[in-house]
Amino acid sequence: MIIGVLALQGAFVEHERVLRALGAECFEIRQRKDLERHMDGLVLPGGESTVMGKLLVELDMLENIKERIIQGLPVFGTCAGLILLAKNLSNDGKKYFGTLPVTVKRNAYGRQLGSFATEAEMKPIGKIPMTFIRAPYIESAEEGVEVLAKVDGNIVAVRYQNQLGVSFHPEVTENHSVHAYFLHMCEKR
Ligand code: GLN
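Please read all numbers here as calculations on a predicted model, not as lab measurements. (Residues numbered from 1 in each chain as written. Predicted model: local features only at pLDDT ≥ 70, side-chain atom pairs only at ≥ 80, totals over all residues. Heavy atoms only, no water.)

### Some remarks on the pairing of strand 11 (residues 154-160)
Quick reminder of the rule: The classification of residues rests on relative accessible area computed with a 1.4 Å probe and restricted to protein chains. Under 20% of the type maximum is buried, over 50% is exposed, and intermediate values are partly exposed. Numbering goes from the N terminus for both helices and strands, where a helix is a DSSP run of H or I of at least four residues and a strand is a run of E of at least two. A strand pair is defined by DSSP finding two or more bridges across the two strands.
The element strand 11 is extensively covered by neighbouring structure, given that 6 of its 7 residues are classed as buried. With 5 bridges connecting them, strand 10 (residues 146-151) and strand 11 associate as antiparallel partners. Bridge pairing links V151 to N154 in strand 11. Counted between consecutive antiparallel strands, the loop separating strand 10 from strand 11 contains 2 residues, among which D152 sits at a positive phi close to 55°. Bridge analysis of strand 11 against strand 12 (residues 163-166) gives 4 bridges, and the strand direction is antiparallel.

Shown next as structure tokens:
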């Protein structure tokens, strides 16, 4: 299993560590030519969505990646990665890949409660630790989107066909089950 990890900015090294621990091979996507390599799945890490979005356009990678997601490449977006996937942002006029039919609110927990850790159920995995860092949440999901987890009534994890989006950071905990679930999605493809 070969996973490409978008490595323009943010928490990409942490994802690579988890993916390798689970036995996957991974490589970093830093420039357009890295997209020529074979990948069974793609990870969009957390970080700053505005910075990643700007670099994706400047480096001429946005359209190529978007097309591949539409064609079925399994993709896993965490936090800012979820923002990149979202079809709508409720508090920001921007749109990046726009392939995941949900409305996401950026920095949804405000500045004070910007970061926190909790535990909640995620389908079909079970109870897992969840670390939120200036996190978004999903305000609404269109038909066909499966809600996998909620925290305090807000949606924090969804799956839509080949796309998995979570508003927390599973790569910073020692529980690797969300990544294992994603690798399973890549295997099944
Ligand atoms: N607040 C960031 C954004 O809007 C996301 C934070 C994160 O990825 N940890 O892009």
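### Some remarks on the nonpolar core
The test is simple: Nonpolar core, defined: a set of buried Ala, Val, Leu, Ile, Met, Phe, Trp, Tyr and Cys residues in which side-chain atoms within 4.5 Å join the residues together. Residue contacts are defined here by distance: any two heavy atoms, one from each residue, within 4.5 Å place the two residues in contact.
Within the largest apolar cluster, 34 residues are counted, with the highest numbers of intra-cluster contacts made by I3, M122, M130, F132, L164 and F168. Broken down by element, this core gets its largest block of residues, 6 residues, from helix 5 (residues 177-188). Discounting chain neighbours no more than four positions away, the residues touching F132 are Y109, G114, S115, F116, T118, V151, V156, S167 and F168. Within the second largest apolar cluster, 33 residues are counted, among which are F27, I69, V75 and F97.

### Digging into the site of the ligand
Heads up, the condition is: Whether a residue is near a molecule or strand depends on its heavy atoms: if one lies within 4 Å, it is near. Under the rule applied, a polar contact is a pair of N or O atoms within 3.5 Å (in protein, one hydrogen donor and one hydrogen acceptor; residues adjacent in sequence only if both atoms are side-chain atoms). For this classification, Asp, Glu, Lys and Arg are treated as charged, while Ala, Val, Leu, Ile, Met, Phe, Trp, Tyr, Cys and Pro are nonpolar and the rest, including Gly, are polar.
What surrounds the ligand is the set G46, G47, E48, S49, C79, A80, I83, R106, N107, I133, R134 and H169. In this structure, H169 approaches the ligand through a side-chain N or O atom, which is 2.8 Å from a nitrogen atom. Residue classes in the shell around the ligand are distributed as 4 nonpolar, 5 polar and 3 charged.

### Considerations on unusual backbone geometry
Here the amide bond leading from K123 into P124 is cis, since omega sits at -10°, within 30 degrees of zero. Along the chain, the position of P124 falls in the loop between strand 7 (115-122) and strand 8 (126-133). Non-glycine residue D60 carries a positive phi angle of around 60°. The topology assignment puts D60 in the loop between helix 2 (49-58) and helix 3 (62-70).

### A look at the pattern of salt bridges
The criterion, for reference: Salt bridges are identified by distance alone: a Lys or Arg side-chain nitrogen within 4 Å of an Asp or Glu carboxyl oxygen.
In this structure the tally under the stated criterion is 9 salt bridges. Its salt-bridge partner being R106, residue E48 comes within 3.0 Å of it at the nearest N-O pair. Here the residue E48 occupies a position in the loop between strand 3 (41-44) and helix 2, and R106 occupies one in the loop between strand 6 (100-105) and strand 7, the gap between them amounting to 58 residues. Across the pair R134 and E48 runs a salt bridge whose closest N-O atoms are separated by 2.8 Å. Highlighted residues: R134 in the loop between strand 8 and strand 9 (137-141) and E48 in the loop between strand 3 and helix 2, separated in sequence by 86 residues. Each of E48, D92, R106 and R134 takes part in salt bridges that share partners, so that together they form one network.

### Side note on helix 1 (residues 12-21)
Given 3.6 residues per turn, any residue in an α-helix points the same way as the ones three and four places further on. To be explicit about the condition: When we speak of the arc, we mean the arc of directions from the helix axis to the C-beta atoms.
When helix 1 is considered as a whole, its buried residues turn out to be F12, H15, E16, V18 and L19. The buried residues of helix 1 all sit within an arc of 165° when viewed along its axis, so they share a single face. Residues of helix 1 that are buried sit in contact with strand 1 (2-6), strand 2 (25-29), strand 3, strand 4 (75-78) and helix 5. Taken from the residues just after helix 1, G23 is the one with a positive phi, measuring 95°.

### What to know about the packing of aromatic side chains
The condition is simple: Whether two aromatic rings pair depends on their centres lying within 6.5 Å, for rings of Phe, Tyr and Trp, where Trp uses its six-membered ring; planes under 30 degrees apart make the pair stacked, over 60 edge-to-face, and the rest tilted. Our definition puts a charge over a ring when NZ of Lys or CZ of Arg is within 6 Å of the ring centre and also within 35 degrees of the ring normal.
Following the criterion strictly, the structure yields 6 aromatic pairs and no others. Here the aromatic rings of F116 and F132 are separated by 4.6 Å at their centres, their planes lie at 10°, and the arrangement is stacked. One end of the pair, F116, is in strand 7; the other, F132, is in strand 8, with 16 residues separating them in the sequence. Summarising the burial analysis for this pair, F116 and F132 share the class buried. Ring pairing ties together the aromatic residues Y109, F116, F132, Y137 and F168, which thus form one cluster. Sitting above the plane of the F27 ring, R37 keeps its charged end 4.1 Å from the centroid.

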